[in-house]
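# Analysis of the macromolecular model
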Amino acid sequence: MFARTQRVRPIAVRVARQTARRCYSSIPDNKAPARLFSLWECAAAATLCALGGAGISAYLSNKSNTGLGSEVSRLKAPATIPYTDDDDAVKPAYYTDRTQPMHDRMEAYVLDLQDRLVTALESLDPSSQKFVRDRWERSDGHGYGISCVLQDGVVLEKAGVNVSVISGTLTPGQLKSMRDRRAQTAKLLSDSEQFDFRVAGISVVVHPRNPYAPTAHMNYRRFEVFRQNAPEGEPPVMAWFGGGADLTPSYLFSEDAEHFHQTLKDACDTHDPSYYPRFKTWCDKYFTNIHRGETRGIGGIFFDDLDDKEPEQLFRFAYDAGNAFIRAYVPLVARRMAMPYTQRERDWQLIRRGHYAEFNLVYDRGTKFGLMTPGARIESILMSLPLAARWEYMNEPDPDSPEDRLLRAVRTTTSWTR
């Protein structure tokens, strides 16, 4: 078992020591003997107190753990999960209507995907609380968002499915970040000009309660950049798609990793066989806690500045990849949400969530972009952080333990697909 600080001195030991002190202190110095406890009486009293103390300690220990993992007793995986088998479903109008601007079609898609994903997640425990839908408007009038958030649920400890449709002026810091990461962008975005942007995207983070159920992240977006004060109808200077999905388990199940990756690979292969290997490598490199020498989880796919095909082709890829997330991830939560667990697994889950928070606050470009955007909605940007996390000094799992197996997986790269 991985190291854990001893938090409470056993009650039995304390009671026994107090009894021993009473026995020894009852012997007066240089005085006629009073009625004293004999050694046998002291030993008997100490034994009884120790047994009683042990019983009290066990009772209080059980009482303090009441509720930990107790929710699993009533959970049952749903017979079916909505939107996990809809490849042959009739495509929505926004998918086929090329007369609409691509930005508007992307907006319609992320709103649709948000509704379907929330429905699928709520199906895991129909009797539990539902997502709260919080629609907000930017104070400058440049866009809106809908944050669907669930906290302290039975299956989901914290989950957010957020849509943002916003516009604004790119700040110098944002422009520098965009120019630095790609030479083509640096050529198109001149230092002597100012630029506006608009984006429609969905961002998802799910932190289940059960330590055996993995955390997951997903986002897809369409980003457009315009010359500031450009005439109405002028096309964007540049536009691209970005996004991906990745899995972050606390305990590694190979079959879960294989299912998640294979589902994403199948969606990629439909559009370009080079996408999955390319985007998996990108994901492993991007989602790395450099200071710890480990990836945030076991990867998935990640891409940005994607403009290597016609916008129509890329939109259809984003559509299929986003839909694939529902069937790649939600069944994994259904499979693990009722597994029994103890304080040991909970503590490890919280430690791993601490590492998750470290990446989001130190390295994540989306978080940095949001925090640099004037008038940004901070609550939505930091929605990705877990409800609870834990940092322990010099925590290292025992060799070959389940926790150690997870660490080995995030300290190397693995092929999870056929």
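Residues numbered from 1 in each chain as written. Predicted model: local features only at pLDDT ≥ 70, side-chain atom pairs only at ≥ 80, totals over all residues. Heavy atoms only, no water.

The next subject is the confidence of the model for the protein. When pLDDT is averaged along the protein, the result is 86, and 84% of the positions lie at 70 or above. Low pLDDT (under 50) marks residues 1-37, which in the prediction has 46 contacts with non-local residues, meaning those over four places away or in another chain. Every residue in residues 39-65 scores below 50 in pLDDT, and together they form 19 contacts with partners more than four places removed in sequence or on other chains. (pLDDT = per-residue confidence, 0-100. Contact = heavy atoms within 4.5 Å.)

It is a general feature of regular strands that their side chains alternate between the two faces of the sheet. With 11 of 14 residues buried, strand β4 (residues 195-208) lies mostly within the body of the structure. As paired elements, strand β3 (residues 156-169) and β4 share 13 bridges and run antiparallel to each other. Bridge pairing in β4 links Gly 160 to Val 205. For β4 and strand β5 (residues 215-227), the ladder comprises 12 bridges, and the chain directions are antiparallel. Looking across to β5, one finds that Phe 197 is bridged to Val 225. In this antiparallel pair of consecutive strands, β4 and β5, the connection spans six residues. (Buried < 20%, exposed > 50% of the residue type's maximum accessible area, 1.4 Å probe, protein only. Helix = DSSP H or I, 4+ residues; strand = E, 2+ residues; numbered from the N terminus. Pairing = 2+ DSSP bridges.)

Within strand β2 (residues 143-151), seven of the nine residues are buried, which leaves the element mostly enclosed by the surrounding structure. With six bridges joining them, strand β1 (residues 132-137) and β2 adopt antiparallel strand pairing. Paired with Arg 135 across the bridge in β2 is Ile 146. Hairpin connection, β1 to β2: the antiparallel pair is bridged by five residues, and Gly 141 has positive phi, about 80°. Pairing of β2 with β3, which is carried by nine bridges, proceeds in the antiparallel orientation. The partner of Gly 145 across the bridge, within β3, is Ser 164.

A separate point is the environment of Val 149. The topology assignment puts Val 149 in strand β2. Separated by 13 residues in the primary sequence, Val 149 and Asn 162 place their C-alpha atoms 8.0 Å from one another. Beyond its immediate sequence surroundings of up to four residues, Val 149 is in contact with Phe 131, Val 132, Ala 159, Gly 160, Asn 162 and Met 383.

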